[in-house]
Structures are given as structure tokens and as C-alpha cells.
Amino acid sequence: MKGMAMKKSGCMAYTGRRGRRGCTVGALLCLALLLPLLGGCNNSDDVELIFNGKSWKLARLTDDGSADAFYDGLWSTDAQRQSSIEALSQSGYFTVQTTCTNEDGTLTGTLSAHAITGSISNAVLTVDASTRKLSIDGTISGSESDPLGIAFLEGLQGVYKYEGDTHNLTLYYKNGSKTRVIGLVAR
């Protein structure tokens, strides 16, 4: 093509014609990348998927920021630790079930949790989607003697916020001056 010089300047590629194909493709690509940001997100819909009719299994119970699965000092002996880990691997232990309804961005419902011999049944669960605050008002029943079971049930009673999605849920609670986390995976 004689006489058609290609000149690039910024995003425009001049082809000697009036069209600016380089800019059009670039603009469409930028728009496609920004579209999720422009749409925003509806946290209340996500929260309903996380908490309504869900079953969760304990995966970790540790200090906030720790990479360890369990916090130091949870067990007094290796035999206690081994017993807890064996129970954790069984399907009926260390579970949480939630059921909620959404009322103007606040979910209310029930939570039931089962450790080994202790449990929390029909606790009142309140979740604020906008602040990620969560409260559980329930009573432990049964005589839990397993150290992980005791920490799990007592930790649930002190939960004040959450993070997560429909696959993984992290619940935060205070234990004295420490912030601890209960990590749960969906079942």
C-alpha cells in the first residue's frame, strides 16, 4: 500500500483512513474491565447465601493473624490433641448449621453447633450485612470435656464479626485480650 504510512501516537493508530480501530478496541477493553466496579455489589444477597440453610465444619481455631490451625496452649497433653483431631475428622462433630431470613439488610435466624458431647441449639443469630457484625445468643448444653470442643462452643458465644463467602467463613471473637478466629468450611 503505497503512500500509507503507519504512525502511532498514544492509543491511536493512524492508518491513513478516518477510523481509529486501536482506540475503539482499547476503550472497549477498559470498559469491560471497569464494568464490575461500576455495578457494585449487593452484600445482603451474598450474606443470605453464606448463612441461610448452610452447614459448616470447623477447620481451624487460632489467634487472629496466625498461620497455625490451632492456637498454642489449647491442649495440655498430646493425648488430648490427638483425641480432638480424631473427633474433628469425623462427620458429626465440630459442625455449625444456620438458617436465616433477611429483613432490610439484617439477617435473623438460628444457629446450632455441635462439638463432641456439648452443643448449642437454636441460638438466636443476627447478622448485619453492611458492617459484617454477627451475634450469637445461645446456651451450651451437654457436658463437653474436650479442650477443642470447649474452645469451639465458648468461642461461638463470643463471636462479634465475620468474613468469608459461601465456601469459607471466618468468625472473630475475643478471648481475654486476644482476638481469635474460628475458621469454617462449607459442607
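Preceding this section is the structure that the text describes.
This one's a predicted model, so the numbers in the text were calculated from it and none came from an experiment.

Asker: Teacher, can you tell me more about the nonpolar core here?
Answerer: A general feature of soluble globular proteins is that nonpolar side chains tend to end up buried together. Residues F51, L61 and F152 are the most contacted members of the largest nonpolar core, which totals 38 residues. Among the elements that take part in this core, helix α4 (residues 147-157) stands out by supplying five residues, more than any other. Excluding its chain neighbours within four sequence positions, the residues that come into contact with L61 are A69, F70, Y71, L148, A151, F152, Y173, V181 and I182.

Asker: What should I look at first to understand the pattern of salt bridges in this one?
Answerer: Pairs can form between side chains of opposite charge once their charged atoms are near each other. The final tally for this structure, using the stated rule, is one salt bridge. In this structure, R180 and D63 form a salt bridge, with 2.7 Å as the shortest nitrogen-oxygen distance. Remark: D63 occurs in strand β3 (residues 54-63) and R180 occurs in strand β11 (residues 178-186); sequence separation between them is 117 residues. Of the two residues, R180 and D63, neither departs from the other in class, the shared state being buried.

Parameters and conventions
Residues numbered from 1 in each chain as written. Predicted model: local features only at pLDDT ≥ 70, side-chain atom pairs only at ≥ 80, totals over all residues. Heavy atoms only, no water. Core = buried A, V, L, I, M, F, W, Y, C linked by side-chain atoms within 4.5 Å. Buried < 20%, exposed > 50% of the residue type's maximum accessible area, 1.4 Å probe, protein only. Helix = DSSP H or I, 4+ residues; strand = E, 2+ residues; numbered from the N terminus. Contact = heavy atoms within 4.5 Å. Salt bridge = Lys/Arg side-chain N within 4 Å of Asp/Glu carboxyl O.

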